[in-house]
Amino acid sequence: MHFAYQSNCLKTNTILPHLSHCRTSQAKFKFQCAASTTPLPEKVPSPQVGKGNVQLACPVTLKPLNSAGFCYESGLRYPDSDGIWDLTIGAGMTRNGRSKSPTNVQEAVRSALPSELQGLVPTSTPTSFIFETPVMSYLYERGYRQTFTNFGFPGPDSEFQMARDALREVEQSQGVVMDASCASGLFARRFVQCGAYSEVIAMDYSQSMLQQAQTLANEEGLPSDSLVYVRADIARLPFLNESLDAVHAGAGMHCWPSPTDGVAEIFRVLKPGGVYCGTTVLSPEVPFLGEQFNLIVSKFSRDLTSKGGFRAWDKETLQDIFESCGLVDFECKIIRQFIFFSAKKPYPITSSFETAEPSFKSSMAETPIDQNLSSDTNKKET
């Protein structure tokens, strides 16, 4: 159970070095430089490695960053600290090398700590801030995640197989997958190990979780360029429109401050035909009571728990959120309070009548046409 949250700020005094001297120099990303109309630092060549064609973006402008993390539209440079890109709003340094100054005591204390200890001064909701702490990051796969079986979660291996089944078409095309709210990289490492994706992005709001994800990936012997680590807000994803083939979020949505905004952002960054899948927690059902009564109990429970930053869902509400954000073909599998879900981003609706669906053509043919309107139209055409 983890989260991605709106960033306040993350002060840094480190000017990002040339990518060839960064830990992520071998990452299979293609960063394209944007044009600049004012004197700016010399553009850094964009490396092209492997089959990848993914670009990180400035969270302010949503325009591409160059290989040094610089956005020519905003003039902001984003840090790559020990292989983790911090692409939260407020993390960028200005053209004169200044970072955002702390606006309160909490931010001042946080900025004074080394990155591995900044989780001791979290910035999120009371329920969610625990996932920013180094202690929870360490314990996540060392006992905490195992308690999910009490809610009906079948276990990481079974959950990952569900994800692979939902992403079968993406795997066939060797697409790019982002593991959102990745926590300690439990599923991100599995996406790498299965070898079915050209790029795997590990994304979370918690810097401490991403550091733990790096540690566990190294312990399992994964190549240093096999994962790209991004600290980001799920409601402001630092990627270009239609740049990802798939997004997975394991046990994350119930901790998102604004789930609808998060799903809308996922829709934006997915390519047409791309898939969003993941797991979350359902409200418990009361035995021997009807579906309508349980639906009322579910909504009351979700409203009550969401005030603390945690939500328990019902299937209908999840489907409504997905469809309201444009996703289609919602499917799910439920085991007690566990739900696995998947949905797709549809292809754009064509404006050509010739390529329209047969049912649409039929309905258009049966629609009465106002003769006067038709006559007026013909006059205008002549």
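Since the model is a prediction, treat every value here as computed from it, not as a measurement.

Calculation rules
Residues numbered from 1 in each chain as written. Predicted model: local features only at pLDDT ≥ 70, side-chain atom pairs only at ≥ 80, totals over all residues. Heavy atoms only, no water. Helix = DSSP H or I, 4+ residues; strand = E, 2+ residues; numbered from the N terminus. Buried < 20%, exposed > 50% of the residue type's maximum accessible area, 1.4 Å probe, protein only. Contact = heavy atoms within 4.5 Å. Areas by Shrake-Rupley, 256 points an atom, 1.4 Å probe, with all protein chains shown as cover. Pairing = 2+ DSSP bridges. Right-handed = clockwise from strand over helix to strand, strands pointing away. Core = buried A, V, L, I, M, F, W, Y, C linked by side-chain atoms within 4.5 Å. Axes fitted to C-alpha atoms, helices over the stretch in contact; angles between N-to-C directions. Parallel < 35°, antiparallel > 145°, perpendicular 65-115°, else oblique. Left-handed = near helix turned anticlockwise from the far one by under 90°. Nonpolar A, V, L, I, M, F, W, Y, C, P; charged D, E, K, R; others polar. Polar contact = N/O pair within 3.5 Å; in protein donor to acceptor, adjacent residues only side chain to side chain. Arc of directions from axis to C-beta. pLDDT = per-residue confidence, 0-100.

A. Up close: the overall build of the chain. Counting secondary structure elements, the chain contains 11 helices and 9 strands. Taking all 382 residues of the chain together, the buried fraction comes to 51%. Within the chain, contacts between residues at least 6 apart in sequence are counted, and of these 68% link residues at least 24 apart. Surface exposure of the chain reaches about 17,800 Å², of which carbon and sulfur atoms provide 55%.

B. Broad picture of the pairing of strand β7 (residues 270–281). Here β7 lies mainly inside the structure; 9 of its 12 residues are buried. Inspection of the sheet shows strand β6 (residues 244–250) paired to β7 by 6 bridges, in the parallel sense. Looking at the pairing, Val247 lines up with Tyr276 of β7. Tracing the backbone out of β6, into helix α7 (residues 259–269) and back to the parallel element β7 gives a crossover that is right-handed. Pairing analysis gives 7 bridges linking β7 to strand β9 (residues 338–344), with the strands arranged antiparallel. Residue pairing for β9: Gly278 is matched across the bridge by Phe341.

C. Structural detail: the pairing of strand β3 (residues 176–180). Within β3, 5 of the 5 residues are buried, which leaves it mostly tucked inside the rest of the structure. What you see with β3 is no split at all: Val176, Met178 and Ala180 on one side and Val177 and Asp179 on the other are buried throughout. Between the parallel pair β3 and strand β4 (residues 199–204), the chain is carried across by helix α5 (residues 188–193), and the sense of this crossover is right-handed. One ladder, built from 4 bridges, connects β3 with β6; its direction is parallel. Each bridged residue has a counterpart across the sheet, and for Ala180 the counterpart in β6 is Ala249.

D. The nonpolar core, seen in detail. Counting 42 residues, the largest nonpolar core has Met178, Phe239, Leu244, Met253, Val263, Tyr276 and Phe322 as its most contacted members. Once residues lying within four places of it in the same chain are set aside, the contact partners of Met178 are Ile201, Met203, Leu237, Phe239, Leu244, Ala246, Val247 and His248.

E. Summary view of the sheet that holds strand β1 (residues 80–81). Strand order in the open sheet formed by 9 strands is β1-β2-β5-β4-β3-β6-β7-β9-β8, and the pairing between neighbours is mixed. With partners counted over all chains shown, the strands left at the sheet margins are β1 and β8 (328–335), one partner each. The sheet contact formed by strand β2 (residues 84–86) and strand β5 (residues 228–231) spans 3 bridges and is parallel. Along β5, the bridge assignment pairs Ile84 with Tyr229. Against the sheet, helix α6 (residues 207–219) makes contact with β2, β4 and β5, and its axis sits at roughly 170° relative to β5, the strand it touches most. Running at roughly 155° to β8, helix α9 (residues 315–324) makes contact with β7, β8 and β9 of the sheet.

F. Layout of the environment of Pro79. Relative to the assigned elements, Pro79 resides in the segment before β1. What makes Pro79 buried here is its relative accessible area of 8%. Taking the C-alpha atoms as reference, Pro79 lies 7.5 Å from Ala91; in sequence the two are 12 residues apart.

G. Structural view of the packing of helix α2 (residues 134–144) against α6. Their axes nearest at 8 Å, the elements α2 and α6 cross at an angle of 45°. Between α2 and α6, the crossing angle belongs to the class labelled oblique. Crossing of α2 against α6: the hand is right-handed. Contacts between α2 and α6 involve Pro134, Met136, Ser137, Tyr138, Tyr140, Glu141 and Arg142 from the first element and Ser208, Met209, Gln212, Leu216 and Glu219 from the second. When its residues are assigned to classes, the contact of α2 with α6 shows 6 nonpolar, 3 polar and 3 charged.

H. Highlighting the side chain of Arg268. Structurally, the position occupied by Arg268 is in helix α7. A polar side-chain atom of Arg268 sits 2.8 Å from the main-chain carbonyl oxygen of Leu237. In terms of polar contacts, Arg268 uses its side chain to reach the side chain of Asn241, at 2.8 Å. Among all residues touching Arg268, those that are not within four sequence positions of it are Leu62, Leu237, Phe239, Leu240, Asn241, Glu242 and Lys345.

I. Broad picture of α2. When we look at burial in α2, the residues that qualify are Met136, Ser137, Tyr140, Glu141 and Tyr144. All buried residues of α2 fall inside an arc of 125° around its axis, so they share one side. Its buried side turned inward, α2 meets α5 and α6.

J. Summary view of unusual backbone geometry. Phi at Ser181 takes a positive value of approximately 50°, unusual for a residue other than glycine. Secondary-structure assignment places Ser181 in the loop between β3 and α5. Judged by relative accessible area, Ser181 falls into the buried class, the value being 0%. Phi angles above zero are rare outside glycine, and Arg336 is one such case at about 55°. Take Arg336: it is sitting in the loop between β8 and β9.

K. Representation of the confidence of the model for the chain within the structure. Chain-level pLDDT for the chain is 77 on average; 63% of the residues reach the 70-or-more range. Scored below 50 in pLDDT, residues 5–42 shows 122 contacts in the model against residues more than four places distant or in partner chains. Note that pLDDT drops below 50 for residues 304–308; the model gives that stretch 6 contacts with residues more than four away or on any other chain.

L. Expanded view of the environment of Leu210. Structurally, Leu210 can be placed in helix α6. The spacing of Leu210 and Glu132 is 78 residues in sequence and 9.8 Å in space, taken between C-alpha atoms. What Leu210 contacts, discounting residues up to four positions off in sequence, is Ile84, Cys182, Ala183, Ala202, Met203, Asp204, Tyr229, Val230 and Arg231.

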